[in-house]
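Commentary on secondary and tertiary structure
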Amino acid sequence: RPDAPQMGHATAPGRKLLRVMKRLLWWSLGLVLLSWMAAWSWGQPFMAVPRTTWEVSRMPVPSRLPVPVQDVRARQIADTFGAPRGSDRSHAVVDIFAKRGTPVLSATRGIVASVREGGLGGRQVWVLGPARERHYYAHLDDWQPGLATGDVVEPGTVLGTVGTTGNARGTP
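Being a predicted model, the structure only gives us computed values, none of them experimental.

1. With respect to the overall build of the protein chain
Across its full length, the protein chain carries two helices and ten strands. Secondary structure of the protein chain in N-to-C order comes out as α-α-β-β-β-β-β-β-β-β-β-β. Scaling as 2.2 N^0.38, a compact globule of 172 residues should have a C-alpha radius of gyration of about 16 Å, whereas the protein chain reaches 29 Å, well beyond that. Structurally, the protein chain occupies a C-alpha span of about 105 × 35 × 30 Å along its principal axes. Across the 172 residues of the protein chain, 26% fall into the buried class. In the protein chain, the proportion of contacts linking residues at least 24 apart, taken out of those at least 6 apart, comes to 56%. Taken as a whole, the protein chain presents about 12,000 Å² of accessible surface, with 60% of it coming from carbon and sulfur. Separation of charge centres in the protein chain, based on 21 positive and 12 negative side chains, amounts to 12 Å.

In structure tokens form, the structure reads like this:
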């Protein structure tokens, strides 16, 4: 019969449906593969900075922080936050006095946002910590060898050593 479909040959609408199903299957397979690759890479060392940034940004602000310098007594901490400094600024940090060369430790988990020298703070390290708060470690004598912007730090990671750089020259 001339008008009946031949065995083994799909009709035009059937071929179109088969093409759409193949395309859908390939897209689904591609999405599954892409999802697997993303999940795998999230746990790899090269993703430590984005992963830590995501984690610390979601953490709450810490209610307490450890003193970032070992063996410091309360009398060695000068809480002059907000005190006038000259005619145009106020003191925006808490000063910790310790022997030069004493290790300065990160108080929180975070990402080193900057390792720099200059201005009032002298040698400085900035750490982006929980809830995206910035932690400022200034007047360092030196930085921990190899410390660089983008490094992931944990509480207790050595950032540098106590010093008198910047406008702290001549202080105890």
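2. A word on the nonpolar core
Judged by nonpolar contacts, the single largest core of 14 residues is most densely connected at Val69, Val104, Val125, Val127, Tyr137 and Leu159. Counting only elements with at least two residues in this core, the list comes to strand E7 (123-128), strand E8 (134-143) and strand E10 (158-162).

3. With respect to the environment of Val93
Within the secondary structure layout, Val93 lies in the loop between strand E3 (89-90) and strand E4 (95-96). Between the alpha carbons of Val93 and Asp141 there is a distance of 18 Å; along the sequence they are 48 residues apart.

4. Comments concerning the packing of aromatic side chains
Under the definition given, this model contains two aromatic pairs. Seen from their ring centres, Trp40 and Phe46 are 6.4 Å apart, and the 55° between their planes marks the pair as tilted. Here Trp40 falls in the partly exposed class, since its relative accessible area comes to 45%. Since its relative accessible area comes to 56%, Phe46 is described here as exposed. With 4.5 Å between their ring centres and 40° between their planes, Trp126 and Tyr136 make a pair best called tilted. Here Trp126 is found in strand E7, whereas its partner Tyr136 is found in strand E8, with ten residues between them in sequence. Take Tyr136: its relative accessible area is 30%, and that puts it in the partly exposed class. Seen from the ring of Trp143, Arg123 lies directly overhead, with NZ or CZ sitting 5.4 Å from the centre.

5. Re a positive patch on the surface
A cluster of basic residues, Arg15, Lys16, Arg19 and Arg23, forms a positive patch on the protein surface. Locating Lys16 in the fold gives a position in helix H1 (residues 12-42).

6. Re the pairing of E7
Of all the six residues making up E7, five are buried; the element is thus mostly covered by neighbouring parts of the structure. Two strands pair when backbone bridges link them, and strand E6 (residues 110-117) and E7 are joined in this way by six bridges, in the antiparallel orientation. Across the sheet, the residue bridging to Ile111 is Leu128, located in E7. The turn linking E6 back onto E7 is made up of five residues, and Gly118 within it adopts a positive phi angle of 145°. As paired strands, E7 and E8 are joined by five bridges and run antiparallel to one another. Across the sheet, Val127 pairs through a bridge with His135, a residue of E8. The turn joining E7 and E8, which pair antiparallel and follow one another in sequence, is formed by five residues; a positive phi near 60° is taken by Ala131.

7. With respect to helix H2 (residues 48-58)
Among the residues of H2, those classed as buried are Arg51, Thr52 and Val56. Buried residues of H2, seen end-on, are gathered within an arc of 120° and therefore sit on one face of the element. On the buried face of H2, the contacting elements are H1, E6, E7 and strand E9 (152-153).

Reading guide: rules and limits
- Counting restarts for each chain, with residues numbered from 1 along the sequence as it is written.
- With the structure being a predicted model, the display of local features is reserved for residues of pLDDT at least 70 and the display and counting of side-chain atom pairs for 80 or more, all residues being used for whole-chain, interface and lining totals.
- Hydrogens and water are ignored here; the side-chain numbers use all heavy atoms of the structure.
- Under the scheme used here, helices are H or I runs from DSSP no shorter than 4 residues and strands are E runs no shorter than 2 residues, and both carry numbers assigned from the N terminus.
- As a reference, a globule follows 2.2 Å times the number of residues to the power 0.38, and the radius of gyration itself is taken over C-alpha atoms.
- Burial classes follow relative accessibility: with a 1.4 Å probe on protein chains only, a residue under 20% of its type's maximum area counts as buried, one over 50% as exposed, and anything between as partly exposed.
- Throughout, a contact is declared for two residues whenever any of their heavy atoms are within 4.5 Å.
- Computed by Shrake-Rupley with a 1.4 Å probe, the accessible areas treat only the displayed protein chains as cover when residues are assessed.
- His is not counted, nor are the chain ends; Lys and Arg add positive charge and Asp and Glu add negative charge.
- Here the site of a charge means atom NZ of a Lys, CZ of an Arg, CG of an Asp or CD of a Glu.
- Nine residue types can take part in a nonpolar core, namely buried Ala, Val, Leu, Ile, Met, Phe, Trp, Tyr and Cys, and a core is a set of them joined through side-chain atoms within 4.5 Å.
- Centres within 6.5 Å make a pair out of two Phe, Tyr or Trp rings, where for Trp the six-membered ring is used; the pair is then stacked when the planes are under 30 degrees apart, edge-to-face when over 60, and tilted otherwise.
- Geometrically, a lysine NZ or arginine CZ counts as sitting over a ring once it is within 6 Å of the ring centre and also within 35 degrees of the ring normal.
- Patch membership needs two things, relative accessible area over 30% and no salt bridge, and members are linked within 9 Å if like-charged or within 5 Å if nonpolar (Val, Leu, Ile, Met, Phe, Trp, Tyr).
- For salt bridges, the criterion is a side-chain nitrogen of Lys or Arg within 4 Å of an Asp or Glu carboxyl oxygen.
- Only strands that DSSP links by at least two bridges are regarded as paired with each other.
- The directions from the helix axis to the C-beta atoms are what the arc is built from.

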